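# Observations on the three-dimensional arrangement
Residue strings, one per chain:
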Amino acid sequence: MAVEASASSQRHAGTSEHRPRPFIGAFQRTLPRTWWLRNRNYSFFALRELTAIPVALWLLWLLFEIWLAGRGEAAYLPGNSPLYIAFSVVCFGAALLHSISWLNLSGVILRIKVGQNVVAPRVVTLANYAQWAGVTVVIAVLLVWLSTWRS
Amino acid sequence: MNAYVSQHTSEHAAHKPARMHALWWGLFAVGGMTAALLLPIHILFQGILAPLGLVPVAGKIMGATGLDVSASYESMRAALANPLVRLYLLALIALPLYHVAHRLLYVTIDLRLGIPRPLLGLLFYGGAVLGTVLTIGVLATV
């Protein structure tokens, strides 16, 4: 109490910095739960965030197939049903949406300095797209090449 | 104590570097980049083209009458015998989990379900850590 008294008397005397006391907890956000239906940008944002779910599910399925490979040939049954292909198509769409929105933003987020200058966001984004293309070709070749290996 | 003092304490706390936040955000960025660059081709080849019989990939080779289980299994074992393949698979599977956790955490907060944030953080980041442990476990024993 003593601290408060001396502090407030100081404030009233004008010897310390005048600052309005913040009303902690007084501000109530009133965003409704359906905010993401309000306009297309919000809906797209929510969709982009939710691409994370199929991406995670597809990776967990891949882990499951790897686990199956450890249980012997009789147990090895990797996904090849129409249902699995349909699931992968959905996941592929989600992964593409993630890749494109992520790489489009990467130029704005990654600030790359060369000497005194900052590389233009467009250049960073283009470089990342080039990197994506390169990595994609390498993985495609490796996946097919590894299919010729036998244990 | 009283409002005036506690106000100063909370202001002081706000200036501390948010190390955990930086760690999770960093993992989100790394995982997001990993997913963006690597995932589409894996899903396209392993999830769509290989099961359709258009392209053979390691672990999924179609024969004249459906899946060639023997060739698929043997190629999968051969690929997994390479430690670099296992390391790559660890990065491919585990890193995007942190990206997923971060996105789902913030989208759940934004959906205002009334679940306390620390609980959500534990749920999603804990899930990602659990997924990492699971991935390491599978890749180490397979």
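Remember, predicted model here, so these are calculated numbers, not experimental data. (Residues numbered from 1 in each chain as written. Chains lettered and ligands numbered in written order. Predicted model: local features only at pLDDT ≥ 70, side-chain atom pairs only at ≥ 80, totals over all residues. Heavy atoms only, no water.)

### Quick look at the overall build of chain A
We count it as follows: Put simply, DSSP marks the helices as runs of H or I at least four residues long and the strands as runs of E at least two long, and each gets a number from the N terminus on. Each residue's exposure class comes from its accessible area (1.4 Å probe, protein chains only) as a fraction of the maximum for that residue type: buried when under 20%, exposed when over 50%, partly exposed otherwise. Residue contacts are counted whenever heavy atoms from the two residues lie within 4.5 Å of one another. The Shrake-Rupley method, run with a 1.4 Å probe, gives the accessible areas here. Residue values count only the displayed protein chains as cover.
Looking only at helices and strands, chain A features 5 helices and 2 strands. Going residue by residue from the N terminus, the α and β elements of chain A occur as α-α-α-α-β-β-α. For chain A, the residues scored as buried account for 30% of the 151 residues in total. If you take every contact in chain A between residues at least 6 apart in sequence, the share linking residues at least 24 apart comes to 40%. For chain A, the accessible area works out to roughly 10000 Å², and carbon and sulfur atoms hold 67% of it.

### Brief notes about the overall build of chain B
Looking only at helices and strands, one finds 5 helices and 2 strands in chain B. Listed by position from the N terminus, the elements making up chain B come as α-α-β-β-α-α-α. The proportion of buried residues among the 142 residues of chain B is 49%. Look at the contacts in chain B between residues 6 or more apart in sequence, and 51% of them connect residues 24 or more apart.

### A word on the interface of chain A and chain B
As a reminder, the rule being used: Buried area is calculated as the accessible area (1.4 Å probe) missing from two parts once they are joined, with the contributions of both summed. In what follows, salt bridge is the name for a side-chain nitrogen of Lys or Arg lying within 4 Å of a carboxyl oxygen of Asp or Glu. Pairing of N or O atoms within 3.5 Å defines a polar contact, subject to two protein rules: one partner must be a possible hydrogen donor and the other a possible acceptor, and residues neighboring in sequence count only if both atoms are side-chain atoms.
Chain A puts 67 residues into the contact, and the matching count from chain B is 69 residues. Looking at the side of chain A facing chain B, the largest losses of area belong to I66, W102 and L143 of chain A, adding up to 11% of the total buried there. Counting across the interface, chain A meets chain B through 2 salt bridges. With its nearest N and O atoms 3.1 Å apart, the salt bridge here joins K60 of chain B to E65 of chain A. Counting every contact that joins chain A to chain B gives 15 residue pairs in polar contact (both at pLDDT 80 or more).

### Examining unusual backbone geometry
At R112 of chain B, a position not held by glycine, the phi torsion is positive, near 55 degrees. Take R112 of chain B: it is sitting in the loop between α4 (83–110) and α5 (117–141).

### Comments concerning the packing of aromatic side chains
Residue and element names in this part refer to chain A. Note the cut-off: Centres within 6.5 Å are what make two rings of Phe, Tyr or Trp a pair, Trp counting through its six-membered ring; a difference in plane orientation under 30 degrees is then read as stacked, over 60 as edge-to-face, and the rest as tilted.
Summed over the entire model, instances satisfying the criterion amount to 13 aromatic pairs over all chains. Here Y129 and W132 contribute two aromatic rings whose centre-to-centre distance is 6.0 Å and whose plane-to-plane angle is 55 degrees, an arrangement assigned as tilted. Linking Y129 with W132, this pair stays in helix α5 (residues 121–146), spanning 3 residues, or about one helical turn. Here a set of aromatic residues connected by ring pairs shows up, and it is made of W61, F64, W67, Y84 and F87.

### Overview of the pattern of salt bridges
With the rule as written, the count across this model stands at 3 salt bridges over all chains. Across the pair E49 of chain A and R103 of chain B runs a salt bridge, and its minimum N-O distance is 3.5 Å. Residue E49 of chain A is found in helix α2 (residues 40–50), and its partner R103 of chain B is found in helix α4; the two belong to separate chains. Taken as a pair, E49 of chain A and R103 of chain B share a single burial class, namely buried. A cluster of three or more residues bridged by salt bridges with shared partners is formed by R48 and E49 of chain A together with R103 of chain B.

### Considerations on the nonpolar core
As a reminder, the rule being used: What we call a nonpolar core is a set of buried Ala, Val, Leu, Ile, Met, Phe, Trp, Tyr and Cys residues that are connected through their side-chain atoms within 4.5 Å.
Of all hydrophobic cores here, the largest spans 62 residues; its most connected members are I66 of chain A together with L39, F45 and L89 of chain B. Of all the elements in the fold, those that place two or more residues in this core are α3 (52–69), α4 (82–109) and α5 of chain A together with α2 (19–49), α3 (69–80), α4 and α5 of chain B. The element contributing the most residues to this core is α2 of chain B, with 13 residues. Beyond its immediate stretch of four places on either side in the chain, L89 of chain B contacts L62 and I66 of chain A together with L80 and L139 of chain B.

### Quick word on the confidence of the model for chain A
Caution applies to low-pLDDT regions: their predicted coordinates should not be interpreted in detail. Put simply, the rule reads: Confidence of the predictor at the level of single residues is captured by pLDDT, which takes values from 0 to 100.
On average, residues of chain A carry a pLDDT of 87, and 82% of them reach 70 or more. Long-range and interchain partners of residues 1–15 of chain A, a stretch whose pLDDT sits below 50, account for 11 contacts in this model, where long-range means more than four residues apart.

### With respect to the packing of α2 of chain B against α4 of chain B
All names here are of chain B. Inclusion rule: With axes taken as lines fitted to C-alpha atoms, and helix axes fitted only over the stretch in contact, angles between N-to-C directions fall between 0 and 180 degrees. When an angle is under 35 degrees it counts as roughly parallel; over 145 it counts as roughly antiparallel; between 65 and 115 it counts as roughly perpendicular; any other value is oblique. Left-handed describes a crossing whose near helix is turned anticlockwise from the far helix by less than a right angle; the clockwise case is right-handed. As a working rule, the residues Ala, Val, Leu, Ile, Met, Phe, Trp, Tyr, Cys and Pro are called nonpolar, Asp, Glu, Lys and Arg charged, and the rest polar, with Gly in that last group.
Where α2 contacts α4, the two axes come as close as 7 Å, and the packing angle between them is 120 degrees. Here α2 is positioned oblique relative to α4, judged by the angle of their axes. The two elements α2 and α4 meet at a crossing, and its hand is left-handed. Between α2 and α4, the contacting residues are H21, W24, W25, L27, F28, V30, G31, G32, T34, A35, L38 and H42 on the first element and Y88, A91, L92, L95, P96, Y98, H99, H102, R103 and Y106 on the second. Residue composition of the contact of α2 with α4, grouped by class: 14 nonpolar, 7 polar and 1 charged.

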